[in-house]
Amino acid sequence: MSAVLPRPALHRRKAWGSALARHRGALVALAVFLVLFCGVNLLSGSFTYFQVSFIASGGAALALAAVGQTFVVLTGGFDLSAGAVVSLVNVVLGAGMGTSAGSQLLFGLVALGIGGAVGAVNGVLVAYLRMQPIVVTLATMFIVQGITLLVADKPGGAIAPEFVAALTGDAVPGWLPAPVVVVAAAALVWWLARNTRFGVSLYAVGSDEDAAFAAGVATRWAKLRAYVMAGLFYGAAGAFVSAQTGSADPLVGRAMLLEIFAAVALGGTALGGGRGGAMGSIIGAYTLMIAVNVLLVLNVPAFYSSVAEGALLILAVLGGSAGRRSPLAAHVRLALLALEARRTGTSAARHRSPPARPRLPDAPRRTSEAAPPGWVARNRKTLAYVLPAYAGLALVLLATQALFGNTLTNPGFFNALVVLSSFLAILALGQGTVILTGGLDLSLPWVITLVGIVVAGSVRGSDAAALWAVPLGLALGTAVGALNGLGIVLFGLPPIVMTLAMNGILQGAALVYSGGTPDGFASPGMRWIMTGHIGGLTPVVVVVGAFAAVATLLLGSTLFGRRVYAVGNSPLAARFSGVGVGATLMGAYALSGFCAALVGILLASFSGQASLGMGDEYLLPSIAAVVVGGSLITGGRGHYLGMLGGVLLLTALSTLLSGTMLPHAVRDIVFGLVVLGAVLALRD
Amino acid sequence: MKTSTLAGAALASLPFIAGAAGLGHAQEPAKDKAKVFLSMSYIGNDWQAEATNMIKAMAASPDVASRIDLDVQVAGANAQKQIQQINAMVQAGAKAILVYPISPTALNQVVKNACSKGVMVIAYDAQITEPCAYNVSMDQEEAGRVTAEWLVKVLGGKGNIVAVTGVPGTSVDTLRTKAAKEVFAKSPGIKIVAEAPGMWSQAVARTELSKILATQSWDRIDGLWMQVGCFTADQMQLESGIAEDKLKPCAGEGSNGGRVQMLPKGTPVEGANGAYKPMAAPRISYASPPYSGAYALRLVVDKLSGKDVPLKTVLPLPIVTNDTVKLCKTGTWQEMSEGCNVFQPAVVSNPGWFASIFSAGTPEVGLKAALSAEPEKLR
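What counts, and at which threshold
Residues numbered from 1 in each chain as written. Chains lettered and ligands numbered in written order. Predicted model: local features only at pLDDT ≥ 70, side-chain atom pairs only at ≥ 80, totals over all residues. Heavy atoms only, no water. Helix = DSSP H or I, 4+ residues; strand = E, 2+ residues; numbered from the N terminus. Rg over C-alpha atoms; globule rule 2.2 N^0.38 Å. Buried < 20%, exposed > 50% of the residue type's maximum accessible area, 1.4 Å probe, protein only. Contact = heavy atoms within 4.5 Å. Pairing = 2+ DSSP bridges. Axes fitted to C-alpha atoms, helices over the stretch in contact; angles between N-to-C directions. Expected span 1.5 Å × (residues − 1). Polar contact = N/O pair within 3.5 Å; in protein donor to acceptor, adjacent residues only side chain to side chain. Disulfide = S-S within 2.5 Å. Domains from an automatic or database assignment. Buried area = accessible area lost by both parts, 1.4 Å probe. Salt bridge = Lys/Arg side-chain N within 4 Å of Asp/Glu carboxyl O. Nonpolar A, V, L, I, M, F, W, Y, C, P; charged D, E, K, R; others polar. Patch = residues over 30% accessible without salt bridge, like charges linked within 9 Å, V, L, I, M, F, W, Y side chains within 5 Å. Areas by Shrake-Rupley, 256 points an atom, 1.4 Å probe, with all protein chains shown as cover. Parallel < 35°, antiparallel > 145°, perpendicular 65-115°, else oblique. Left-handed = near helix turned anticlockwise from the far one by under 90°.

Engineer: Hey, could you run me through the overall build of chain B in this one?
Structural biologist: The secondary structure content of chain B amounts to 13 helices and 12 strands. On C-alpha atoms alone, chain B measures out to a radius of gyration of 23 Å, which is about the 21 Å that the 2.2 N^0.38 rule sets for 379 residues. Considered along the principal axes of its C-alpha atoms, chain B spans approximately 70 × 60 × 40 Å. Among the 379 residues that make up chain B, the fraction classed as buried is 64%. Residue pairs in contact within chain B that sit at least 24 positions apart in sequence constitute 72% of those at least 6 positions apart.

Written out as structure tokens, the structure reads:
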């Protein structure tokens, strides 16, 4: 997973050598897992059948879901509906399963059916309607969550004991735990699928969809099947969770989502597609789960547990990339070369030649009849992906007017809308820039919280203190973001792993800094910005306007902006064109850290104080707003004004839903449907 | 080269194992003390951190410290991890496991297994439905009913109200909200004009209320029923120019900020700031009390010393109204036992901090326990 650039094939290795190379990610993950597993067992002094059985059962649900996600990720997709499907299957089984053998078998099949059906919907929308995977699966995630809450609004229900025993008991008492059989079956399905035409087409589509299509691969059919397979595995994971817990809980799958992605990344599958495999994901899942045992054996203090988990995640991946070909080794080699060149006076910088100025042929003379293409014609492509969000916004506003009246003519409504949008509008620039480079920043929640706590704690209600504390907070966020970039560039860590680990580390930092009780509060000046009035206008509205102008210029008209797009389109092409890819990536993550820090300060100003966990609500919306605004999750395409439109659309929609008396579950479903509709209606 | 990467992987994991070996020897527990674990689901919010502080203080109080060794572990929000964690604790020789369960049902199988090995499993605040588990919590339905009845009475059975609930899909939220709605349904004059999930967070409550106010205005709202957020709701009313004596009645909220607002206007407090000041706000205050974990640990010690402990402990509903609110001077357990229930803003500078920390059954923990995990000094 470390080597982003393809390796030069200087000589043919023997067959087993190349097989080893292909499965390197999975093998490394396996090595890390075995070391941890043996370590835990040695230290806790017990290596028994029960121990093995517990660990096999503990990680099985995550492993099954991670295998499913791997199918999608290999095609270059992204499936956010995984956790929601697990929850839905769990509550359906909890509500419906009887005690007869027939009913248990039936509901086992229902579990797979639900997963397959959701997967098929995702697959058709992604493959045949060519919608972005992240938008589609985000929308289905909300819809499935809503349906789950309609089936069961609180935990309860019971799973038949025989079903529990069949999946989590013993296959051969004393020798073979049933979960081992379940996971082995999943691995077998993967192995069979991988060695068919379908398996090959997965990798082909993920590597280069156009090339695969040109080579005669049925790319759409392959993608559809990938989502269906993924859904089937989530269904299986849901069935396993049901057996493991013996009952149902509508929220059981939600917290699994990020861990599923972490397991896939840890197992060596590259986001963006084309490389990796499900064996690695299974091992990745077990590695994540055994972290719990490691923390217990090490007696890690509570406040530091997320730090230790983050460190473990980074070390596990770093262990995999260690060696002569690791990005770090490459950077060191390059730095040594540069030093050598400087010493001997052979560096290119010492021998400046006048820049080449090729003479361009004269522009063809414009015939007088044809008018120059208008602004609309020149920006047609950009408009095509920016406008849907605004069209959706207009519809939502009209609906609000129809439902409540007093909206379109009420400046107070628009003022409130912009104030509520301000957090996401700012986050969208940071997350959007990172997404444009082809990455993802999962550290936002705790950058927001940590900076909010540090700034509120330093300000303590004094405007004078705010003058130095606010810049300090912004610098802190920027530094954290740059650190994310450094890990990604220098050590070649996958962005999801690096930023997820950073999120855990920052959570620990916030807990330790505040001792669990954040104190201090925003100054009157800070509060005025978020809640004061200048002639009916809240000051932050002006800030958002200025921010949007600067952000549009930054991405659209600066060197940095150009480089971001270049890196997103192809890091390799960008590097050959003389773009400093590493510096640009670090800049993008630092910008994201800065934006998150700004939001932390604004949130503390809005509420008057900072509280632990206040950033948790903003991670998924920040990604959603960016992609609803037309950006491509795989990078290279997007416009800040589109993202802003996405932010306004999502905020207006949730404002509209808040004003209604619809039950929460129905609101989730409506939210998902509207997001789908907005993107579907005006897709390119 | 391949072997070198594998070796690299092994090397990278070595520090953990080496560190573990060192730690393992350094912290060899005394043989005569019972091993007790605390399994927390999630630690990243104010309530959890405060409850942990109180548990740690209880564990550090001389009587408890002489009998047990407490090891605090955090599993995170994923139920799968908590299942694995509890299993690992049983394997590690736990005599008792204190649990903040992420789900009332997901842990049933693992808890049953722990019980069968003679381990006492006790859940605080949230419940575990497995019959062999001990539970320490309050009656959520009663909380929803009592607060709703108060609001109906204050409004004279007539008016528009806004409901801000907790985390949808949890038992606590469903029970509270359902009980409250049953009360409201009995008074035809009461109309719920808007409802939003507040996720038990002041920050979310503010965002959701702002969304509601974008389409409704304060003059169309007569009262609020919230699980968390009355402090914020009053702050927002002041910002929008509503006079202090015209604040809408609000049911809910056990935070110190909310209780300071309930004190009669002009009560001398230190460190008042912005909306964090006495203003005689009409309010009924309740919240899940953060002392429940410390109380559960007390029960563990009782049980391990051979006393009988009931499987189900229902904590008294910690209700405070404008008539019963009383400022503490120092916040010792002794002083709280005489009826004070709100603390100086200068001492508790975070208004969102939960103030229901008094229990007659836990003389080991007072204000210092909740703030900095220090037990009370015994006289």
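From this point, the narrative continues.
Engineer: Looking at this structure, I do not really get the sheet that holds strand β12 (residues 320-321) of chain B. What am I missing?
Structural biologist: The strands making up a sheet are joined through hydrogen bonds of the backbone, oriented either antiparallel or parallel. All names here are of chain B. The 6 strands are arranged β7-β6-β8-β9-β10-β12 in an open sheet whose pairing can be described as mixed. Looking at the sheet topology across the chains shown, the edges are occupied by β7 (190-197) and β12. Bridge count between strand β8 (residues 223-226) and strand β9 (residues 250-251): 2 bridges; the pairing is parallel. What sits directly across from tryptophan 225, in β9, is alanine 251. In the packing of helix α8 (residues 202-215) onto the sheet, the strands contacted are β6 (159-165), β7 and β8, and the crossing angle to β7 comes to about 125 degrees.

Engineer: Would you mind showing me how to read helix α6 (residues 140-154) of chain B here?
Structural biologist: Side chains of residues three or four places apart in an α-helix project in the same direction, reflecting 3.6 residues per turn. For α6(B), spanning 15 residues, the distance from its first C-alpha to its last is 21 Å, which sits close to the expected 21 Å at 1.5 Å a residue. N-capping of α6(B) is provided by B:Asp139, with a side-chain oxygen placed 3.1 Å from the backbone N of B:Glu141.

Engineer: What should I look at first to understand the state of the cysteines in this one?
Structural biologist: Two cysteines, two sulfur atoms, one covalent bond between them: this is a disulfide. Residues and elements named next belong to chain B. All chains considered together, the criterion is met by 3 disulfides over all chains. Each sulfur in the disulfide pair cysteine 115 and cysteine 132 lies 2.0 Å from the other. Residues cysteine 115 and cysteine 132 are joined through a disulfide that is right-handed, its torsion about the S-S bond being 85 degrees. Of this pair, cysteine 115 sits in helix α5 (residues 108-116) while cysteine 132 sits in the loop between β4 (120-124) and β5 (134-138), placing them 17 residues apart in sequence. With relative accessibility at 25%, the residue cysteine 132 sits in the partly exposed group. Here cysteine 328 engages in a disulfide with cysteine 340; their sulfurs sit 2.0 Å apart. Here cysteine 328 and cysteine 340 share a disulfide; its torsion about the S-S bond, 95 degrees, makes the bridge right-handed. Taken together, the residues cysteine 328 in the loop between β12 and α12 (333-337) and cysteine 340 in the loop between α12 and α13 (367-372) connect sequence positions 12 residues apart. The residues cysteine 328 and cysteine 340 share a single accessibility class, namely buried. Numbered by order of appearance in the sequence, the disulfide-linked cysteines of chain B pair as 1-2, 3-4, 5-6.

Engineer: Would you mind going over helix α9 (residues 197-207) of chain A with me for this structure?
Structural biologist: Among the residues making up α9(A), those that are buried are A:Phe198, A:Gly199, A:Ser201, A:Leu202, A:Tyr203, A:Val205 and A:Gly206. Contacts from the buried residues of α9(A) go to α3 (49-74), α8 (178-194), α10 (209-214) and α11 (219-245) of chain A.

Engineer: Is there a simple way to think about the sheet that holds strand β3 (residues 96-99) of chain B in this case?
Structural biologist: All names here are of chain B. The strand order across the open sheet formed by 6 strands is β2-β1-β3-β4-β5-β11, and the pairing between neighbours is parallel. Since the sheet does not close on itself, it has two edges, and those belong to β2 (68-74) and β11 (312-315), each with one partner. Taking each pair of neighbouring strands and ignoring which way they run, the sheet shows an average axis angle of 15 degrees. Two elements, strand β1 (residues 34-40) and β2, share 7 bridges in a ladder whose sense is parallel. Following the sheet pairing, alanine 34 is matched in β2 by isoleucine 68.

Engineer: What is the right way to read the side chain of B:Thr170 from this model?
Structural biologist: Assignment of secondary structure puts B:Thr170 in the loop between β6 and α7 (171-186). Side-chain polar atoms of B:Thr170 contact the backbone nitrogen of B:Asp173, separated by 3.4 Å. If near-sequence neighbours (up to four positions away) are discounted, B:Thr170 is found in contact with A:Asp153, A:Lys154, A:Pro155, A:Leu251 and B:Trp200.

Engineer: Looking at this model, I keep getting lost on unusual backbone geometry. Mind explaining?
Structural biologist: Excluding glycine, residues mostly carry a negative phi; peptide bonds, for their part, are mostly trans. Positive phi outside glycine occurs at A:Arg460, with the angle close to 45 degrees. Assignment of secondary structure puts A:Arg460 in the loop between α19 (444-459) and α20 (463-490). Despite not being glycine, B:Asp125 shows a phi value in the positive range, around 65 degrees. Classification of B:Asp125 by relative accessible area gives buried; the value is 10%.

Engineer: What exactly am I supposed to notice about the environment of A:Gly146 here?
Structural biologist: Residue and element names in this part refer to chain A. Mapped onto the fold, glycine 146 is located in helix α6 (residues 133-151). Assessed through its relative accessible area of 0%, glycine 146 is described here as buried. Measuring from C-alpha to C-alpha, the distance between glycine 146 and proline 663 comes to 9.5 Å, with 517 residues separating the pair along the chain. Sequence-distant contacts of glycine 146, defined by excluding residues within four places in its chain, comprise Ala665, Asp668 and Ile669.

Engineer: Would you explain the domain arrangement of chain A in this entry?
Structural biologist: Residues and elements named next belong to chain A. Assigned domains of chain A: these are domain 1 (23-299) and domain 2 (381-681). When domain 1 packs against domain 2, the two sides together hide about 2,200 Å² of surface, and 88% of this comes from carbon and sulfur. The three residues of domain 1 that bury the most area against domain 2 are Gln132, Val135 and Phe142, which together make up 22% of that side's buried surface. Seen at the junction of domain 1 and domain 2, the total is 0 salt bridges. Breaking the side of domain 1 that touches domain 2 down by element, the ones donating at least two residues are α6 and α12 (256-266). Counting residues per element, the side of domain 1 that touches domain 2 draws most heavily on α6, at 13 residues. Of the residues contributing to the side of domain 1 that touches domain 2, the split by class is 21 nonpolar, 4 polar and no charged.

Engineer: Any chance you could explain the interface of chain A and chain B here in plain terms?
Structural biologist: Often, the extent of an interface is quoted as the loss of accessible area on bringing the components together. On the chain B side, the residues contacting the 102 residues of chain A number 87 residues. Between chain A and chain B, the buried area comes to about 7,700 Å², and carbon and sulfur atoms account for 60% of it. Our count for the contact surface shared by chain A and chain B stands at 2 salt bridges. With a closest N to O distance of 3.0 Å, A:Glu259 and B:Lys81 form a salt bridge. Applying the counting rule to chain A against chain B returns 17 residue pairs in polar contact (both at pLDDT 80 or more).

Engineer: Got a minute to help me understand a nonpolar patch on the surface in this structure?
Structural biologist: Residue and element names in this part refer to chain A. There is a patch of nonpolar side chains on the surface, built from Val172, Trp175, Leu176, Val180 and Val181 and spanning about 460 Å² of accessible area. Here valine 180 is to be found in helix α8. Taking the relative accessible area as the measure of exposure, valine 180 reaches 31% and is therefore partly exposed.

Engineer: Would you mind going over the packing of α20(A) against helix α21 (residues 495-514) of chain A with me for this structure?
Structural biologist: Helix packing geometry: the angle between the two helix axes and the distance between the axes. All names here are of chain A. Packing of α20 against α21 leaves a shortest axis separation of 9 Å and a crossing angle of 140 degrees. Relative to α21, α20 is oriented oblique. Here α20 runs over α21; the crossing is right-handed. Along its contact with α20, which presents Val480, Leu483, Asn484, Gly487 and Ile488, the element α21 presents Pro495, Met498, Thr499, Met502 and Leu506. Counted by class, the contact of α20 with α21 contains 7 nonpolar, 3 polar and no charged residues.

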